[in-house]
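Coordinates in review
Below are the chains, spelled out letter by letter.
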Amino acid sequence: MMARKKKSRLPLWLSVLIVIALTVGGDRLKSIIGLETDQEKITRSAEEADMSKLEIPAMPPSKQGQIIQRTGYTLAYDAQNKTPQWVAWELTKEETRGNEERTNEFLPDPDVVGSQVVTYDYSGSGYDRGHMAPAGDMKWSKQAMQESFYMSNICPQDHNLNTEDWNDLEMKCREWAHRYGKVYIVCGPIYKGKRNEYIGDHRVKVPDAFFKAILIQSPKKTCALGFHFENEAGERPLSEYLMPIDRLERLTGIDFFPALADEQEAKLEAEAHPQLP
């Protein structure tokens, strides 16, 4: 009797990869096993992010940075300046009641493509590690709190601005979220070309100014507010930083709240003299 030939079997590791490929698709498999190029990572992150959310702004694709989705916010990362282009999040009334403690542990963002900014880039610079999405808005989740300390969410910020007027607006946003149910927020740095200052070994560029765009949409109140802060000490009323969204869009080159119906967006953003709620 002739001996039967043994059936050839695929190596276990190859079988596992085939199952994964069939399950998640080829592009995702390349990500899992580390074969993606940097550009493929940037493209995939943008495709996976939910860009239909009301808080997400729009930029020309040629100028858009790496989109990174976090538990509590979404950002577009500027690899040239080593800061976010914009950071956007929704803050609800329920989220303002969180009790997670600050971690105060500033960490490199593991998903940033390219060189990683570290906390020591700010040491001795004279600038604060200024949160864009504030830790105070992330108390509802331990992971959201930890991720708010990723260096991709941080900008070099004047100490007085960070602790005074910028902080005042952060607290005001939490007050509005509690009063109206939720607010949509976008903020980030502005580079006007006035200063050519960098800090740290990774050459983090110091912003000239900062912006914040806020949308309140509830039965009680609907309005859109733009704010512009020079990166310097101020201690002035928030009303002095207030401006129409249309003007803020011209300053930043960013289209805020594009998911709104066109007619509503045009009306809210063109308001010539917005008032604090």
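Here the structure is shown first, and the text comes after it.
This report concerns the structure included in the present document. (Residues numbered from 1 in each chain as written. Predicted model: local features only at pLDDT ≥ 70, side-chain atom pairs only at ≥ 80, totals over all residues. Heavy atoms only, no water.)

The next subject is the overall build of the chain. Along the backbone of the chain there are 8 helices and 11 strands. Total accessible area on the chain is roughly 14600 Å²; 49% of this is exposed by carbon and sulfur atoms. (Helix = DSSP H or I, 4+ residues; strand = E, 2+ residues; numbered from the N terminus. Areas by Shrake-Rupley, 256 points an atom, 1.4 Å probe, with all protein chains shown as cover.)

With respect to burial, strand β6 (residues 182–190) is a largely interior element, 8 of its 9 residues being buried. Sheet analysis places strand β3 (residues 83–92) next to β6, joined by 6 bridges and oriented antiparallel. Within β6, the position partnered with T92 by the bridge is K182. Bridge count for β6 against strand β9 (residues 209–217) is 7 bridges, and the pairing is antiparallel. Across the sheet, I190 pairs through a bridge with A209, a residue of β9. (Buried < 20%, exposed > 50% of the residue type's maximum accessible area, 1.4 Å probe, protein only. Pairing = 2+ DSSP bridges.)

Attention now moves to the side chain of D109. Assignment of secondary structure puts D109 in the loop between β3 and β4 (128–131). In this structure D109 comes out as buried when scored by relative accessible area, which is 1%. A distance of 2.5 Å separates the side chain of D109 from the side chain of S152, its partner in a polar contact. Discounting residues that sit within four places of it in the chain, D109 has contacts with I68, R70, Q116, Y150, M151 and S152. (Polar contact = N/O pair within 3.5 Å; in protein donor to acceptor, adjacent residues only side chain to side chain. Contact = heavy atoms within 4.5 Å.)

Quick look at the sheet that holds β3 now. The sheet built from 7 strands is open, its strands ordered β1-β2-β3-β6-β9-β10-β11 with antiparallel pairing. In this open sheet, the two strands that pair with only one neighbour each are β1 (66–69) and β11 (242–243). Inspection of the sheet shows β1 paired to strand β2 (residues 74–78) by 4 bridges, in the antiparallel sense. The partner of I68 across the bridge, within β2, is L75. Across the face of the sheet, helix α6 (residues 165–180) comes into contact with β3, β6, β9 and β10 (222–230) while running at roughly 10° to β9. Along the sheet, helix α7 (residues 245–252) contacts β6, β9, β10 and β11; its crossing angle with β10, the most-contacted strand, is approximately 40°. (Axes fitted to C-alpha atoms, helices over the stretch in contact; angles between N-to-C directions.)

Below, the discussion takes up the nonpolar core. W89, W176, I214 and F227 are the most contacted members of the largest nonpolar core, which has 46 residues in total. Looking at this core, the elements that each hand over two or more residues are β2, β3, α4 (142–147), β5 (154–157), α6, β6, β9 and β10. In terms of residue count, α6 provides more of this core than any other element does, 6 residues in total. If we skip the residues at most four places from it in the chain, W176 touches L169, G181, V183, I214, I216, L225, F227, L276 and P277. Within the second largest apolar cluster, 23 residues are counted, among which are M59, A88, M243 and L268. (Core = buried A, V, L, I, M, F, W, Y, C linked by side-chain atoms within 4.5 Å.)

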